[in-house]
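# Residue-level structure breakdown
Below, each chain spelled out in residue letters.
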Amino acid sequence: MAPAGASGGSKYDVIVIGGGPAGYVGAIRAAQNGLRVACIDAWQGRDGAPAFGGTCLNAGCIPSKALLESSELFHRAGHEFASHGIRVGSPELDLAAMQARKAAIVRQFTGGIQGLFKSNGVTGLFGRGHLLPGNKVRYTPHGGEPELLEADHVVLATGSTPIELPFARFDGEAIIDSWGALELTAVPARLGVIGAGVIGLELGSVWQRLGAQVTVLEALDRFLAMADGQIAKDAQRQFKKQGLDIRLGAKVTAAERGPAGVAVTYEDDRGRHTLEVDRLIVAVGRRPETRDLLDPLAGVQLSDRGFIEVDSDCRTSAPNVWAVGDVVRGPMLAHKGSEEGVMVADLIAGRLGHVNYAVIPSVIYTTPEIAWVGQTEEQLKEARVAYKAGTFNFAASGRAKAMEQAAGLVKVLADATTDQVLGVHIVGPMAGELIGEAVVAMEFEASAEDLQRVIHAHPTLTEALHEAALSVDRRALHAINH
Ligand code: NAD
């Protein structure tokens, strides 16, 4: 495939290494700022075809959302339609068609980046970039000879890769990573997942809805330790009801392939156990990707955990070398990376650039969705901040009831003295969309009273956020104020 954008010459204002959501967005903004930009990306699909978009578009956010949507519809057709008075019998799964739809969405969006590069004048280059001293970049096209490029600024945006456990090596067949788990061509009867993090829950949900018996093994005793405790507890209860078998305090110590699948050994406070599964997804986190990226003399320092060291403006230790996205500190989230890419592109162009790390939304795309922004109740307690909490259950939301999704709650946390909103936490329908209002509110340093006085359309799910804000001052209108 030909590189996107207008190529020509080897000197650029900015070279971005990595074309995921951090890199490609930064490249576009830099070009919008009138800079001459190249973006190099090494991604190749299973068939060897190169593509921009990184993990997010090719093997993460986008394909997983496609499968989450399809599997959810399949599940509803079988379990929920009847309650609406729609009889469809037992729905039949055409997994090949489901996967083909997902692949088409991915192709459309990765191709879309090439279109955006072209229209913004970004030179897109497929292959590997390697940073040399003095802002030079060795670019090696797939199957081609290396060439030397130069730039005033280099932005490193090489992302992250799944962590492999030494006792459960990926074999691409029975023991798989998150990408492999998106590509299965048959529903495994018994699916094991190591790690009840974001990936484990999202992918576990997909295959459970399509008929797999899913067991999730999580080393920590607490479910979703990064989320607000009350929200995590509610989500755990709902997942249990759905039949997702989540075993906490279960530390996996071995995984052995046998003729019948994988025998997974784990230990909990009751001893050692073995779980037989047909497939095993290992989802124990991701590590920053810096393999073969940096010449030791380029002057870019790594932390002891392998992240590229940066300051709050994403400057590395080497002059005019920047780093953004999963390869630097902070949550591994596409939108955090994109905002860093924009910030750096603006700073390079001499404009104002800023990322507010205190107000980054998190979303887990399970059913129900889980979303939050700001601080949890546990964090406020630990920091000894005096706060007020208000909650509202979706059970009393007319819209949620009509959607047959009246479970979960919204929780608003506000400063006891100033009333400023400090955190919003949601488990329930469309939580990932609802959290947007909370993000805007917090970005504008809104108080709970501001949210109380904003008119929310009726009947919508957003009323639950309104009522939770009212409940902060025990003034909820459609709930008993305790
Ligand atoms: P994670 O860090 O969210 O969860 C990994 C879990 O594995 C942890 O809870 C950990 O305690 C557990 N674990 C580790 N070793 C274990 C062992 N030996 N036995 C049992 N459990 C073990 O990581 P992830 O789910 O792999 O996701 C990776 C990154 O990708 C995260 O930063 C995540 O935020 C990001 N991501 C985000 C989204 C989203 O925003 N919707 C979706 C997918 C991935």
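Now for a quick tour of the structure.

How each quantity is defined
Each chain has its residues counted from 1, following the order in which its sequence is written. Selection of residues for local features in this predicted model requires a pLDDT of at least 70, selection of side-chain atom pairs for listing and counting requires 80 or more, and totals for whole chains, interfaces and linings are taken over all residues. To obtain the side-chain values, all non-hydrogen atoms of the structure were used and water was disregarded. What counts as a disulfide here is a pair of cysteine sulfur atoms lying within 2.5 Å. A simple rule labels every residue: compare its accessible area, found with a 1.4 Å probe on the protein chains alone, to the largest value its type can have, and call it buried under 20%, exposed over 50%, or partly exposed in between. Between N-to-C directions, angles span 0 to 180 degrees; the directions come from axes that are lines fitted to C-alpha atoms, helices contributing only their stretch in contact. In this description a helix means any DSSP run of H or I spanning at least four residues, a strand means any run of E spanning at least two, and both kinds are numbered starting from the N terminus. Should the near helix be turned anticlockwise from the far one by less than a right angle, the crossing is termed left-handed; should it be turned clockwise, right-handed. A contact between two residues is defined here by any heavy atoms of the two lying within 4.5 Å. In the scheme used here, Gly and all other residues not listed as nonpolar or charged are polar, with Ala, Val, Leu, Ile, Met, Phe, Trp, Tyr, Cys and Pro taken as nonpolar and Asp, Glu, Lys and Arg as charged. We call Phe, Tyr and Trp rings a pair once their centres come within 6.5 Å, taking the six-membered ring for Trp, and we label the pair stacked below 30 degrees between planes, edge-to-face above 60, and tilted otherwise. DSSP calls a pair of strands paired once it identifies at least 2 bridges connecting them. Counting of polar contacts relies on pairs of N or O atoms within 3.5 Å, with two restrictions inside protein: one atom must be capable of donating a hydrogen and the other of accepting it, and residues adjacent in sequence are counted only when both atoms are side-chain atoms.

On inspection of all chains with the given rule, the structure shows 0 disulfides. The structure places no disulfide on C39, whose sulfur is separated from the nearest cysteine sulfur, that of C56, by 14 Å. When its relative accessible area of 0% is taken as the criterion, C39 is described as buried.

The next point concerns the packing of helix α3 (residues 61–79) against helix α4 (residues 95–120). Two elements in contact, α3 and α4, have axes separated by 9 Å at closest approach and are oriented at 145 degrees. Between α3 and α4 lies a crossing of right-handed hand. Facing I62, P63, A66, L67, S70 and S71 of α3, the residues of α4 in contact are M98, Q99, R101, K102, I105 and V106. Counted by class, the contact of α3 with α4 contains 7 nonpolar, 3 polar and 2 charged residues.

With that settled, consider the packing of aromatic side chains. As enumerated under the stated definition, the model contains 4 aromatic pairs in all. Aromatic side chains W43 and W179 sit 4.8 Å apart centroid to centroid with 45 degrees between the ring planes, which places their arrangement in the tilted category. Taken as a pair, W43 in the loop between β2 (37–41) and α2 (54–59) and W179 in helix α5 (residues 178–182) lie far apart in primary sequence, 136 residues in all. Overall, the relative accessible area of 17% leaves W179 in the buried class. Ring-pair connections join several aromatic residues into one group, and the members of that group are F52, F117 and F126.

Our focus in this paragraph is the sheet that holds strand β12 (residues 261–268). Ordered by their spatial adjacency, 3 strands build an open sheet running β11-β12-β13, and the pairing between neighbours is antiparallel. With one partner strand each, in any of the chains shown, β11 (251–258) and β13 (271–277) form the two edges of the open sheet. Pairwise comparison of adjacent strand axes, ignoring direction, gives a mean angle of 20 degrees for this sheet. As paired strands, β12 and β13 are joined by 7 bridges and run antiparallel to one another. Bridge assignment links V262 to a residue of β13, and that residue is V277.

Before going further, it helps to examine the side chain of H456. Counting through the fold element by element, H456 comes out in the loop between α12 (448–453) and α13 (462–472). Looking at H456, the relative accessible area reads 12%, which means it is buried. Within the structure, the side chain of H456 is placed 2.6 Å from the side chain of E437, a separation counted as a polar contact. Polar contacts involving the side chain of H456 include one to the main-chain carbonyl oxygen of V454, which spans 2.9 Å. With residues up to four places along the chain from it excluded, the contact list for H456 reads E437, L451, T462, E463 and H466.

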